[in-house]
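Here are the chains, one letter per residue:
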Amino acid sequence: MSVVKVFYQTVLRRPSRFFVVVAVGSLFFERTIDIGIENVFDRMNRGKQWKDIADKYV
Amino acid sequence: MHLYQYVPTSYHRIIANSPPSKKPFENVLLRQISFLDNLMNYRGRNVVNDVFTTTTNDLPQCPKSLINVMILLHNIMPSVSPLDGFSTGLFSVVLLFSQIQLILFADDDNAVTIMKFFQAASRWSKNHKFFLTSFGVLAGGGSSLIYALEQSIHASNDAAHVAKQKWNHSGWFDTLDHASVRRGWEVYKNVCAACHSIEYLAYREMVGVCLTEDEAKAEAAEQLIDDGPDETGAMFKRPGKLSDLLPKPYPNEEAARYANGGAYPPDLTYITQARIDGENYIFALLTGYMDPPAGVSLAENQHYNPYFPGGAIGMAQALYDEIIEYGDGTPATQSQCAKDVITFLKWCAEPEHDTRKLFAMKAFTILGVLNLVVWYLHRHYWSVLKSRKILQSPKSLFKNESNKSLHYLVLYNNYENQLREH
């Protein structure tokens, strides 16, 4: 409860703060999601993409 | 948690001055607030907050100004942001939605508008109903139409049904096999290019997909491309460059037909998209040649293929075992060649294929997270309506009151009702 309350008071209560948190948070969120998912994706498709086989041809 | 903190300052005064005010409305409010306050602290629920945060006079300004700031930022973000625009794109969809909501359904009082979106359907405004109905009709009608068209094509086809192959790019998140794309390019170049053009593909597009830059330059330089006019006004030929499109085997359709006994070899750039069952059909076609069954007679230059509508096709069997030799040493059986050239054609038709699937994965992940948020919001907003004991009231009561006091009256009325009940 108190965690929620602190969160509410510090982040959600004022739109100005809320917005800053959203803007800054989205930067980190997006980078994390991007890098994380690209890793998973590359692992799922290991050996199939051009970057996996390109070194055979240079 | 104390309810007072959610009440605009002007009402703090009322609460502090406990003796009954002369204005009946303020009395109502006062009683109501202390009643709700007790209720809330007694039962430890925070259902009631919403009513105040969304209906008091000063708070409804927040969402709107917030949205304006967001739109401003959204407009400048793509130019300054180091990101790929994906989150801004998502963002804009959400914004668009809230904008539509505000534009179409805005009343004097934004708070009421916002609440409306979460009301039962019977209380939606006309605009709101019209918007959602036409959206539903368009979406539903459109998909039925597409479905119906798809069905009728299948029903009128006399060709043999094609087998589904296990393409290793067919999963939701599977990329193309680029080694196969590379072999497919070898097949196209050495076999199909004699008759079929791929006229919308440039050499540079293959760089980093199935060729290195040097290889693509060399491939281009092998071709003679029409260019000009030079300073004397004459056209001339020069070796190809990376930026050139692939040359066509025939200058025009007439020449192509003339050389192929009247049949026109279609351009292959988008062929996997242009045939029902795309890759499976072409695979069946390339590997499905056979002698015509008894009773079927073919014209000169025609060949029998049960997968081609009508059976008589103007293209002779193009692929045989060992018809070419692969650079990477893969045994060039007929089916291997067919698979590879189709993978290559698939890439031609959908060069964005791999990126698209990567983005699908990102979208599903992010939408999954958003789904949780929306689910929570849904519960949150409906919690007000679901405790109807507190909120329900006959409409006739609002007649003489302004929009802004509406919710207080609602609350008051129920308070009285509840007193009567007990």
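Residue numbering note: each chain is counted from 1, following its sequence as written. As a convention, the first chain written is A and the first ligand written is 1, with the rest following in written order. Predicted model: local features are reported for residues with pLDDT of at least 70 only, side-chain atom pairs are reported and counted for 80 or more only, and whole-chain, interface and lining totals are derived from all residues. Excluded from the side-chain calculations are hydrogens and water; all other atoms, namely the structure's heavy atoms, are used.

Draft legend 1. Region of interest: the overall build of chain B. Within chain B one finds 17 helices and four strands. Looking at chain B as a whole, 39% of its 422 residues qualify as buried. Any two residues having at least one pair of non-hydrogen atoms within 4.5 Å are treated as being in contact. Taking all contacts inside chain B whose residues are at least 6 apart in sequence as the whole, residues at least 24 apart take part in 62%. Calculation of accessible area relied on Shrake-Rupley with a 1.4 Å probe; when residues are assessed, cover is drawn exclusively from the protein chains displayed. For chain B, the computed accessible surface area is about 24,300 Å², with 59% contributed by carbon and sulfur atoms. Helical segments are the DSSP runs of H or I of at least four residues, strand segments are the runs of E of at least two, and each set is numbered from the N terminus. Under the scheme applied here, a residue whose accessible area is under 20% of the maximum for its type counts as buried, over 50% as exposed, and between as partly exposed, the area being computed with a 1.4 Å probe on protein chains only.

Draft legend 2. A look at the packing of aromatic side chains. Residues and elements named next belong to chain B. We call Phe, Tyr and Trp rings a pair once their centres come within 6.5 Å, taking the six-membered ring for Trp, and we label the pair stacked below 30 degrees between planes, edge-to-face above 60, and tilted otherwise. Taken as a whole and judged by the stated rule, the model has ten aromatic pairs over all chains. Their ring planes at 85° and their centres at 6.3 Å tell us that Trp172 and Phe173 sit as a pair that is edge-to-face. With relative accessibility at 63%, the residue Trp172 sits in the exposed group. The interplanar angle of 40° and the centroid separation of 6.1 Å between the aromatic rings of Phe344 and Trp347 together place this pair among those described as tilted. With Phe344 and Trp347 both in helix α14 (residues 334-349) and three residues apart, this pair spans about one turn of that helix. Classification of Phe344 as buried rests on a relative accessible area of 0%.

Draft legend 3. Main features of the environment of Thr272 of chain B. All names here are of chain B. For Thr272, the location among the structural elements is in helix α12 (residues 271-274). As a C-alpha pair, Thr272 and Glu350 span 78 residues in sequence and 9.0 Å in three-dimensional space. Once you skip the residues sitting within four places of it in the chain, Thr272 turns out to touch Gly278, Glu279, Ile282, Ile342, Leu345, Lys346 and Ala349.

Draft legend 4. Inspection of the side chain of Thr269 of chain B at higher detail. Residue and element names in this part refer to chain B. As for its position among the elements, Thr269 is in the loop between α11 (253-259) and α12. Note on Thr269: relative accessible area 2%, which makes it buried. Two N or O atoms count as a polar contact when they lie within 3.5 Å, although within protein this holds only if one can serve as hydrogen donor and the other as acceptor, and sequence-adjacent residues are included solely when both atoms are side-chain atoms. Within the structure, the side chain of Thr269 is placed 2.3 Å from the side chain of Asp267, a separation counted as a polar contact. The residues touching Thr269, leaving out its near neighbours within four places in the chain, are Ser197, Ile198, Glu199, Tyr200, Leu345, Cys348 and Ala349.

Draft legend 5. Representation of the environment of Gln165 of chain B in the model. All names here are of chain B. If you trace the backbone, Gln165 turns up in the loop between α7 (126-155) and α8 (178-190). Classification of Gln165 as partly exposed rests on a relative accessible area of 32%. For Gln165 and Tyr281, which are 116 residues apart along the polypeptide, the C-alpha to C-alpha distance reads 9.6 Å.

Draft legend 6. Spotlight on helix α10 (residues 213-221) of chain B. Residues and elements named next belong to chain B. Where α10 is concerned, the buried positions are Ala216, Glu219 and Ala220. Considered in projection along α10, the buried side chains sweep an arc of 95° and stay on one side of the axis. Residues of α10 that are buried make contact with α8, α9 (203-206) and β2 (236-239). What the arc describes is the spread of directions from the helix axis to the C-beta atoms.

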